[in-house]
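Below are the chains, spelled out letter by letter.
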Amino acid sequence: MRAIRVASAALLGMTALTLATPVAVAEGEGEHEPDRNITSFGFNVSPSTIAAGGRVSLSVNGCKKETKVSSGVFDTVTIHKGQSNASATVDWDAKPGAVYEVTFQCGHESGHTDLTIAGGRPDDPTHPPAHRGVKAGVGGTAGGFDLGQIGLGAALIAGSVGAAYHWSRKRAGEHGG
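Residues numbered from 1 in each chain as written. Predicted model: local features only at pLDDT ≥ 70, side-chain atom pairs only at ≥ 80, totals over all residues. Heavy atoms only, no water.

Enquirer: Is there a simple way to explain the overall build of the chain in this structure?
Expert: Tallying secondary structure elements over the chain gives two helices and eight strands in all. Listed by position from the N terminus, the elements making up the chain come as α-β-β-β-β-β-β-β-β-α. By residue count, 26% of the 177 residues in the chain fall in the buried class. Taking as baseline every contact in the chain between residues at least 6 positions apart, the subset at least 24 positions apart corresponds to 61%. (Helix = DSSP H or I, 4+ residues; strand = E, 2+ residues; numbered from the N terminus. Buried < 20%, exposed > 50% of the residue type's maximum accessible area, 1.4 Å probe, protein only. Contact = heavy atoms within 4.5 Å.)

What follows is the structure in structure tokens.
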């Protein structure tokens, strides 16, 4: 009889742990860094992977103001009001394999995307632009875990399992188990 109570308490604790984990993960997502790519205007860098010294096409749509495009791998470019495209030359000293952030600043609003540097020299730097869409989140990564929150959650679950075990033993004592 006692084994049934202990197994029930363990099963209850495991159920609480299983149900609490997705909530803890979901609550932790996005708290540390707001989504930086939801903007009222569209933007694109094409190609998204290019060799050092190559030219990228920068495009913006829906921005009613002047757009400044900046990155650590090319000089700042201005796309004037009424225009939607410009180009930039990637620095020759860009490190192959590195990923650089490209920022599109339209008025007080900004959006970001990545530009990856490939190895070798550019063969055809005049690729037609291919729109990728907006990068809209962390994509299911496990980033943003807070060890304090994890510890507190584990302590609460352990406490509930311990209390269930304690009460099941106390009841067993009352019934002469």
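Enquirer: Before we go on, may I ask you to explain the pairing of strand E3 (residues 55-61) in this structure?
Expert: Within a regular strand, side chains alternate between the sheet's two faces. The buried count for E3 comes to five of seven residues, which makes it a mostly enclosed element. Bridge analysis of strand E1 (residues 42-46) against E3 gives five bridges, and the strand direction is antiparallel. Its bridge partner lying in E3, Gly42 is registered against Asn61. In this structure, E3 lies alongside strand E6 (residues 85-89), joined through five bridges in antiparallel fashion. Along E6, the bridge assignment pairs Leu58 with Ala86. (Pairing = 2+ DSSP bridges.)

Enquirer: What is the right way to read unusual backbone geometry from this model?
Expert: For residues besides glycine, phi is generally negative; the peptide bonds are generally trans as well. Residue Pro47 is bonded to the preceding Ser46 through a cis peptide linkage, with omega at -5°. Position of Pro47 among the secondary structure elements: in the loop between E1 and strand E2 (49-51).

Enquirer: Help me understand the pattern of salt bridges in this model?
Expert: Close approach of charged atoms lets side chains of opposite charge pair. Evaluated as defined, the whole model comprises one salt bridge. The partner of Glu66 in a salt bridge is Lys68, with the nearest N and O atoms 3.9 Å apart. By relative accessible area, which is 38% here, Lys68 ends up partly exposed. (Salt bridge = Lys/Arg side-chain N within 4 Å of Asp/Glu carboxyl O.)

Enquirer: Just to check I follow, could you spell out the state of the cysteines for this structure?
Expert: Linking two cysteines covalently through their sulfur atoms gives a disulfide. The final tally for this structure, using the stated rule, is one disulfide. Residue Cys63 pairs covalently with Cys106 via a disulfide, S to S 1.9 Å. Looking down the S-S bond of the Cys63 and Cys106 bridge, the torsion is 95°, so its handedness is right-handed. Taken together, the residues Cys63 in the loop between E3 and strand E4 (67-71) and Cys106 in strand E7 (residues 99-106) connect sequence positions 43 residues apart. Assigned by exposure class, Cys63 and Cys106 land together as buried. (Disulfide = S-S within 2.5 Å.)

Enquirer: Explain the sheet that holds E7 to me, please; I cannot follow it from the model alone.
Expert: Hydrogen bonds between backbone groups are what pair the strands of a sheet, and the pairing can be parallel or antiparallel. One open sheet accounts for five strands, arranged E2-E8-E7-E4-E5; its pairing is mixed. Each edge of the open sheet is held by one strand with a lone partner, namely E2 and strand E5 (74-79). Each adjacent strand pair in this sheet contributes to an overall mean axis angle of 25°, direction not counted. Relative to E5, E4 is paired through four bridges, and the arrangement is antiparallel. Counterpart to Ser71 in the pairing with E5 is Phe74. (Axes fitted to C-alpha atoms, helices over the stretch in contact; angles between N-to-C directions.)

Enquirer: For this particular structure, what's the right way to read the packing of aromatic side chains?
Expert: Applying the stated criterion across every chain, the model contains two aromatic pairs. Geometrically, the ring pair formed by Phe41 and Phe43 is tilted, given 5.8 Å between the ring centres and 50° between the ring planes. (Phe/Tyr/Trp six-rings, centres within 6.5 Å; stacked < 30°, edge-to-face > 60°.)

Enquirer: When you look at the nonpolar core in this model, what are you seeing that I'm missing?
Expert: Within the largest apolar cluster, 22 residues are counted, with the highest numbers of intra-cluster contacts made by Val56, Leu58, Phe74, Val90, Phe104 and Leu115. The set of elements that each furnish at least two residues to this core consists of E1, E3, E5, E7 and strand E8 (109-118). (Core = buried A, V, L, I, M, F, W, Y, C linked by side-chain atoms within 4.5 Å.)

Enquirer: Explain the environment of Phe41 here, please?
Expert: On the secondary structure map, Phe41 appears in the loop between helix H1 (2-28) and E1. Linking Phe41 and Glu109, residues 68 residues apart in sequence, is a C-alpha distance of 8.9 Å. Other than its neighbours up to four places away in sequence, Phe41 contacts Val60, Asn61, Gly62, Cys63, Phe104, Cys106, Glu109, Ser110 and Gly111.

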